Amino acid sequence: MTVTAAGIDALAFYGPRCYVDMAELAEARGVDPDKYLLGLGQRQMAVATPCEDTVTMASVAGWRALEQFDIDPAEIGTLIVGTETGIDHSKPAAVYVHEMLGLGENCRTFETKHACYGAMAGLTSTMDWIHAGRARGRKALVIASDIARYGIDTAGEPTQGAGAVAMVVGDSPRLLELDPTTFGDYTRQVMDFWRPLYSKYAFADGHYSIDCYLDAFTGAWRDACEQAGGRDAFSLDNLDACFYHVPFVKMARKAHHRHCETEWGQSIAREDQLATRVRESYDTQVAPWLELNSVVGNIYTGSLFLAIADYLRKLDNAREGGRISLFSYGSGCGAAFGTATVVEGAGNWRQQVDPQPHLDQRHKLDIPAYEQLIRAADSADHNDAPYPEPSQWDLGEGLYYVGTRDHIRHYSGNPANAT
Ligand code: HMG
């Protein structure tokens, strides 16, 4: 059987039930609130309670993607969970998710890790799986699930967040068709962000990580141009929207600046003219779809796809058939740049993609409560530690981590009940 298309057939998000307000966090840290609100572009930051982990978030997002797009779990032939926030050195979070979603025994299931690039690695490998004819008509489920943790009162603190994005990948996609010949890759060993096995918190060389990200953009973009036979294939004039990895909203602006500079640098010599074109392009091709990122924060490997969720939930039918670019960056580092085409009819799925009803039910933590929660999350993840109680954070129905007994993680509830 010749397969001609592969792409995203369904997409759904799960975010934790609690958040903090960035102006309040800035005040508590003795920082001008505008630094977080304008300098980083963040308004709110999702905070995972001790009961929400990579497995629970991935399972609820996965369940929503299947249920809202009417996909039978039996159709899933590959499950990949991309995460920086593994819950075991050996056992993949994906196997727990496989059970929570009731997937079949003959489903290929594994976890990918490469900081924020993990889910993109999963997505492109499922695209290859479909094009190679290995899917036999089945679909793949790729889930990005992470909790970004730098710690209280660190430089990285305002760039934390948590959440999961689940994508079903198939050969008749309803949302986005991935352009297989356009993907360019980039890898380089750098120490910009890492998390040793003994640490729950990431270490980052923050400003250097921004440079590494931008260099990786140029590297992946050039490779993509080479594969596509020239830069015309990616002309910004022919792209409806550009998506980047979004550790904080301002980073997408920096990335788009590099994107425009790389493409137009030689043709627009005057700096003021270039700056105006970049600003206009950012305002129309990037900024409108960063709203979810600004209220959720960095969800590591899912944050590129959270911006895409924002685009899809606002998709007007006139944009169908248009092309978008995707850039994924994972510290360490690995990156990919490619394009996708918006499928005709994708706008009909706006409501299914939109996480706003769930976000509207979140509750705000004041800063002392947030700090207490972070300390509770640290101690919940030890063998025989007291059970974290979902009711303590007013979490309602859902699927929750409830502690480790005899070195085995325990979960309670059902992803279908999550609100
Ligand atoms: P910092 O030193 O606290 O902040 O670190 P800053 O001094 O650089 O200020 C940030 C911005 O706010 C600047 O804007 C300031 O000018 C502005 P810029 O010059 O860059 O355009 N600013 C203000 N604006 C308005 N009013 C004010 C004001 N004050 C300052 N009053 C940093 C910021 C992001 C480095 C830090 O939070 C950090 O280390 N974060 C973690 C690392 C990170 O997010 N890196 C991003 C690239 S690497 C990546 O994306 C991968 C990653 O997601 C991990 C993975 O792959 O898994 C991190």
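Residues numbered from 1 in each chain as written. Predicted model: local features only at pLDDT ≥ 70, side-chain atom pairs only at ≥ 80, totals over all residues. Heavy atoms only, no water.

### Focus on the sheet that holds strand E3 (residues 44-47)
Item 1. Here we have 3 strands laid out as an open sheet, ordered E3-E2-E15, and mixed in their pairing. The open sheet has two edge strands, E3 and strand E15 (363-364), and neither has a second partner.
Item 2. Two strands pair when backbone bridges link them, and strand E2 (residues 18-21) and E3 are joined in this way by 4 bridges, in the antiparallel orientation. In the strand pairing of E3, Tyr 19 is matched with Ala 46.
Item 3. In this fold helix H1 (residues 22-29) packs onto E2, E3 and E15, with an angle of close to 60 degrees to the strand it touches most, E2. (Pairing = 2+ DSSP bridges. Helix = DSSP H or I, 4+ residues; strand = E, 2+ residues; numbered from the N terminus. Contact = heavy atoms within 4.5 Å. Axes fitted to C-alpha atoms, helices over the stretch in contact; angles between N-to-C directions.)

### Regarding helix H10 (residues 303-313)
Item 1. For H10, the buried fraction is high: 11 of the 11 residues fall into the buried class.
Item 2. Within H10, the full set of buried residues consists of Ser 303, Leu 304, Phe 305, Leu 306, Ala 307, Ile 308, Ala 309, Asp 310, Tyr 311, Leu 312 and Arg 313. (Buried < 20%, exposed > 50% of the residue type's maximum accessible area, 1.4 Å probe, protein only.)

### Focus: the side chain of Thr 126
Item 1. One can find Thr 126 in helix H5 (residues 118-131).
Item 2. Its relative accessible area of 0% is what places Thr 126 among the buried residues.
Item 3. Non-local contacts of Thr 126, meaning those with residues more than four positions away in its chain, are made with Thr 78, Ile 80, Ala 140, Val 142 and Val 169.

### Topic: helix H8 (residues 271-285)
Item 1. Helix length check: H8 (15 residues) gives 20 Å between terminal C-alpha atoms against 21 Å at 1.5 Å per residue, within 8%.
Item 2. When H8 is considered as a whole, its buried residues turn out to be Leu 274, Val 278, Ser 281, Tyr 282 and Gln 285. The arc that holds every buried residue of H8, seen down its axis, measures 100 degrees, which confines them to one face.
Item 3. Contacts from the buried residues of H8 go to strand E12 (241-244) and helix H7 (249-264). (Expected span 1.5 Å × (residues − 1). Arc of directions from axis to C-beta.)

### Some details on the packing of H1 against helix H2 (residues 33-40)
Item 1. It is the contact of H1 with H2, at a shortest axis distance of 7 Å, that shows an interaxial angle of 135 degrees. Of the possible angle classes, the one that applies to H1 and H2 is oblique. On the side of H1, the interface is formed by Met 22, Ala 23, Leu 25, Ala 26, Glu 27 and Arg 29, while H2 contributes Pro 33, Tyr 36 and Leu 37.
Item 2. Split by residue class, the contact of H1 with H2 holds 7 nonpolar, no polar and 2 charged. (Parallel < 35°, antiparallel > 145°, perpendicular 65-115°, else oblique. Nonpolar A, V, L, I, M, F, W, Y, C, P; charged D, E, K, R; others polar.)

### Here we look at the packing of aromatic side chains
Item 1. On inspection of all chains with the given rule, the structure shows 15 aromatic pairs.
Item 2. A ring pair is formed by Trp 289 and Tyr 311, whose centres lie 5.1 Å apart and whose planes are at 75 degrees; its orientation type is edge-to-face. With Trp 289 in the loop between H8 and helix H9 (291-296) and Tyr 311 in helix H10, the pair connects residues that are 22 residues apart, well separated along the chain. Summarising the burial analysis for this pair, Trp 289 and Tyr 311 share the class buried.
Item 3. Ring-pair connections join several aromatic residues into one group, and the members of that group are Tyr 213, Phe 217, Phe 234, Tyr 244, Phe 327, Tyr 329 and Phe 337. (Phe/Tyr/Trp six-rings, centres within 6.5 Å; stacked < 30°, edge-to-face > 60°.)

### What about the site of the ligand?
Item 1. Neighbouring the ligand are 25 residues, the closest being Lys 35, Cys 116, Ala 155, Lys 250 and Lys 254.
Item 2. Between Cys 116 and the ligand, the recorded distance is 3.0 Å, taken from a backbone N or O atom to an oxygen atom.
Item 3. At 2.7 Å from an oxygen atom of the ligand is found a main-chain nitrogen or oxygen belonging to Ala 155.
Item 4. Within the complex, 75% of the 1,100 Å² of free accessible area of the ligand lies under protein. (Near = heavy atom within 4 Å. Polar contact = N/O pair within 3.5 Å; in protein donor to acceptor, adjacent residues only side chain to side chain. Areas by Shrake-Rupley, 256 points an atom, 1.4 Å probe, with all protein chains shown as cover.)

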